[in-house]
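Here's the letter readout for the chains.
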Amino acid sequence: MTVAGIVVAAGRGTRAGGETPKQFQPLGGSTVLGQTLAALSSHPALTQLVVVLHPDDTDLYAASINLPEHCAISTVPGGATRDASVRAGLAALQDGTRKVLIHDAARPFVTQALIKRVIDALDHAPGAAPALAVTDALWRGNDGNVVALQDRTGLFRAQTPQGFRTSAIRAAHASHSGGAADDVAVALAHGLDVTIVEGDEDNIKITLPGDFARAEALLAQREKERHAMDIRLGNGFDVHRFCEGDAVILCGVKVPHTHALDGHSDADVGMHAVTDAIYGALAEGDIGRHFPPSDPQWKGAASEVFLRHAVDLARAKGFSIGNVDCTLICEFPKIGPHGSAMQAEMARIMGLDPSRVSVKATTSERLGFTGRGEGIASIATATLVAP
Ligand code: MG
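Calculation rules
Residues numbered from 1 in each chain as written. Predicted model: local features only at pLDDT ≥ 70, side-chain atom pairs only at ≥ 80, totals over all residues. Heavy atoms only, no water. Buried < 20%, exposed > 50% of the residue type's maximum accessible area, 1.4 Å probe, protein only. Helix = DSSP H or I, 4+ residues; strand = E, 2+ residues; numbered from the N terminus. Arc of directions from axis to C-beta. Contact = heavy atoms within 4.5 Å. Patch = residues over 30% accessible without salt bridge, like charges linked within 9 Å, V, L, I, M, F, W, Y side chains within 5 Å. Areas by Shrake-Rupley, 256 points an atom, 1.4 Å probe, with all protein chains shown as cover. Salt bridge = Lys/Arg side-chain N within 4 Å of Asp/Glu carboxyl O. Axes fitted to C-alpha atoms, helices over the stretch in contact; angles between N-to-C directions. Parallel < 35°, antiparallel > 145°, perpendicular 65-115°, else oblique. Left-handed = near helix turned anticlockwise from the far one by under 90°. Nonpolar A, V, L, I, M, F, W, Y, C, P; charged D, E, K, R; others polar. Expected span 1.5 Å × (residues − 1). Disulfide = S-S within 2.5 Å. Pairing = 2+ DSSP bridges. Core = buried A, V, L, I, M, F, W, Y, C linked by side-chain atoms within 4.5 Å. Polar contact = N/O pair within 3.5 Å; in protein donor to acceptor, adjacent residues only side chain to side chain.

Asks: Looking at this structure, I do not really get helix H5 (residues 166–174). What am I missing?
Replies: Since the α-helix turns once every 3.6 residues, residues separated by three or four places project in the same direction. Taken together, the buried positions of H5 are Thr166, Ala168, Ile169, Ala172 and His173. One face of H5 carries all of its buried residues, which in axial projection span an arc of 165°. Exposed and oriented more than 90 degrees from the buried face of H5 are Ser167 and Ala174. Buried positions along H5 lie against helix H3 (82–91), strand E6 (97–104), strand E11 (162–165) and helix H6 (183–189).

Written as structure tokens, this is what we have:
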């Protein structure tokens, strides 16, 4: 299904003020038209854009273009009226163009979602256009006074792009006598059905000087949203006491020792702290919630199972792990000789580059239960990032 866009940019736009037509006035580091063309061509279904230009504006136009490669763009000279300009655009469409979207040059905030609504509606009707139902009360006024209330039932504020099956709108324009306000009017005059799809309050038409301030504010808001990241921090803390044995497992590495660590699973205190930090960043509780100690199937389990579950849960929720930092707190065994093996093993399990995984150790200066050699504690921090 080939979809093309026609952007009618031949108007003089005098109501917006300024030296140049409004569509060539600056907006967000480009021009109004530049923003409009970028917005319209952002929808991947659009493979051709035809820009209808006033012959005087060729140089201004050249400064407005910065489009994705999927979209071929060409210009045609506009006619004396809006109708004639649209007809010039329709004549320039590539063969096989099944649907065409006719758009105002001064509506730079059209979204992909709105474009999709119009394109999809054309599967069921020869015409489709976005509009918003009128929700304010409507008055008739005269000399500054309200003279009557106007029923707003069934009234809509029309927007663009107005979409049509190409052959239908070509026939409608060919038989139209001219002077239509927009292409929906041309279509209706030809007896075409035009479906109303939901418009967008931000899809404003820049018309008056004050509209530029609103447009800049909308652009700033979108820029902010584009760069907004969802960054989560989580912490974890765990303790396991020593018991009889000859080795401990810390951050996935077996370290010979005078004791083992006591626990329902393999008692990997470091890996538990990191796992809880990831669950914490997701506000998903802790290991005990996902792997209840009362469940015998986790008895003696390798803690890798827990860590992988937390990592997979983070990815399923759209997060990548920025980094983890784990501190083991004990007097013995000495962690230093095993630190890089622990870092490598934790990175392997989490599918991360080792540069994002920190394992370090400290003593508690012989104070407290870790100082007395009764067990090992660990704290950990994890950063999760979603674009
Ligand atoms: Mg634990």
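Asks: Any chance you could explain a nonpolar patch on the surface here in plain terms?
Replies: A surface patch of nonpolar side chains, amounting to about 340 Å² of accessible area, comprises Phe237, Val239, Phe369 and Ile379. Within the fold, Ile379 resides in strand E19 (residues 375–386).

Asks: Honestly, the packing of helix H8 (residues 269–281) against helix H10 (residues 304–316) in this entry has me stumped. Any pointers?
Replies: When two helices pack together, you describe them by how their axes are tilted relative to each other and by the distance separating the axes. Remark: H8 packs on H10, axes separated minimally by 9 Å, with the N-to-C direction vectors making an angle of 20°. If you check the angle between H8 and H10, you find them roughly parallel. Relative to H10, H8 is oriented so that their crossing is left-handed. Side by side, H8 and H10 meet where Met271, His272, Val274, Thr275, Ile278 and Tyr279 of the first sit next to Glu304, Phe306, Leu307, His309, Ala310, Val311, Leu313 and Ala314 of the second. Class assignment for the residues of the contact of H8 with H10 results in ten nonpolar, three polar and one charged.

Asks: Where do I start with helix H11 (residues 339–350) in this structure?
Replies: Helix length check: H11, at twelve residues, gives a terminal C-alpha distance of 17 Å against a target of 16 Å (1.5 Å per residue), a fit within 8%. Those residues of H11 that sit buried are Gly339, Met342, Glu345, Met346, Ala347, Ile349 and Met350. Downstream of H11 by one or two residues, Gly351 has phi in the positive range, about 70°.

Asks: Looking at this model, I keep getting lost on unusual backbone geometry. Mind explaining?
Replies: Glycine aside, residues mostly have negative phi, and peptide bonds are mostly found in the trans state. Backbone torsion omega between Thr160 and Pro161 reads 10°, so that peptide bond is classified as cis. Positionally, Pro161 belongs in the loop between strand E10 (156–158) and E11. The linkage connecting Phe332 with the following residue, Pro333, adopts the cis geometry, with an omega of -5°. By the secondary structure assignment, Pro333 is in the loop between strand E17 (320–329) and H11. Phi angles above zero are rare outside glycine, and Glu365 is one such case at about 55°. For Glu365, a relative accessible area of 64% puts it in the exposed group.

Asks: So what exactly am I meant to see when it comes to the state of the cysteines here?
Replies: Each disulfide consists of one covalent bond between the sulfur atoms belonging to two cysteines. In this structure the tally under the stated criterion is zero disulfides. Among the cysteines around Cys326, which has no disulfide bond, Cys251 carries the closest sulfur, lying 4.1 Å off. Cys326 gets classed as buried once you look at its relative accessible area, which sits at 1%. Residue Cys330 stays outside any disulfide, its sulfur separated by 11 Å from that of Cys251, the closest cysteine. Here Cys330 falls in the buried class, since its relative accessible area comes to 5%.

Asks: Teacher, can you tell me more about the sheet that holds strand E16 (residues 259–261) here?
Replies: Hydrogen bonds between backbone atoms are what pair the strands of a sheet, whose relative direction is either parallel or antiparallel. Spatial strand order, E16-E13-E19-E17-E18: five strands in an open sheet with mixed pairing. Each having just a single partner strand, E16 and strand E18 (357–362) make up the two edges of the open sheet. Going from strand to strand, the sheet's axes swing by 20° on average, the running direction of each strand aside. Sheet topology note: the strand E13 (residues 230–244)/E16 ladder contains three bridges and is antiparallel. When the bridges of E16 are listed, Phe242 appears paired with Leu261. On the sheet, H8 packs against E13, E16, E17 and E19 and is oriented at approximately 155° with respect to E13.

Asks: Is there a simple way to explain the nonpolar core in this structure?
Replies: One recurring pattern in soluble globular proteins is that nonpolar side chains are buried together. Counting 47 residues, the largest nonpolar core has Ile278 and Met350 as the members making the most contacts within it. Among the secondary structure elements, those contributing two or more residues to this core are strand E14 (247–250), strand E15 (253–256), H8, H10, E17, H11, E18 and E19. At eight residues, the largest contribution of residues to this core is made by H8. Setting aside residues no more than four positions away along its own chain, Ile278 makes contact with Leu307, Ala310, Val311, Ala314, Ile321, Met350, Ala382 and Leu384. Counting residues in hydrophobic clusters, the runner-up holds 25 residues, among them Phe24, Ala39, Leu40 and Leu49.

Asks: Explain the packing of H8 against H11 to me, please; I cannot follow it from the model alone.
Replies: One can describe the packing of H8 onto H11 by two numbers: an axis separation of 12 Å at closest approach and a directional angle of 40°. With respect to their mutual orientation, H8 and H11 come out oblique. Seen along the crossing, H8 lies across H11 with a hand that is right-handed. Two secondary-structure elements touch here, H8 through Met271, Val274 and Ile278 and H11 through Met346, Ile349 and Met350. Grouping the constituent residues of the contact of H8 with H11 by class yields six nonpolar, no polar and no charged.

Asks: Quick question: what am I supposed to make of the side chain of Thr327 here?
Replies: Residue position: Thr327 is located in strand E17. The exposure class of Thr327 is buried, given its relative accessible area of 12%. In this structure the side chain of Thr327 is engaged in a polar contact, spanning 2.9 Å, whose partner is the side chain of Lys360.

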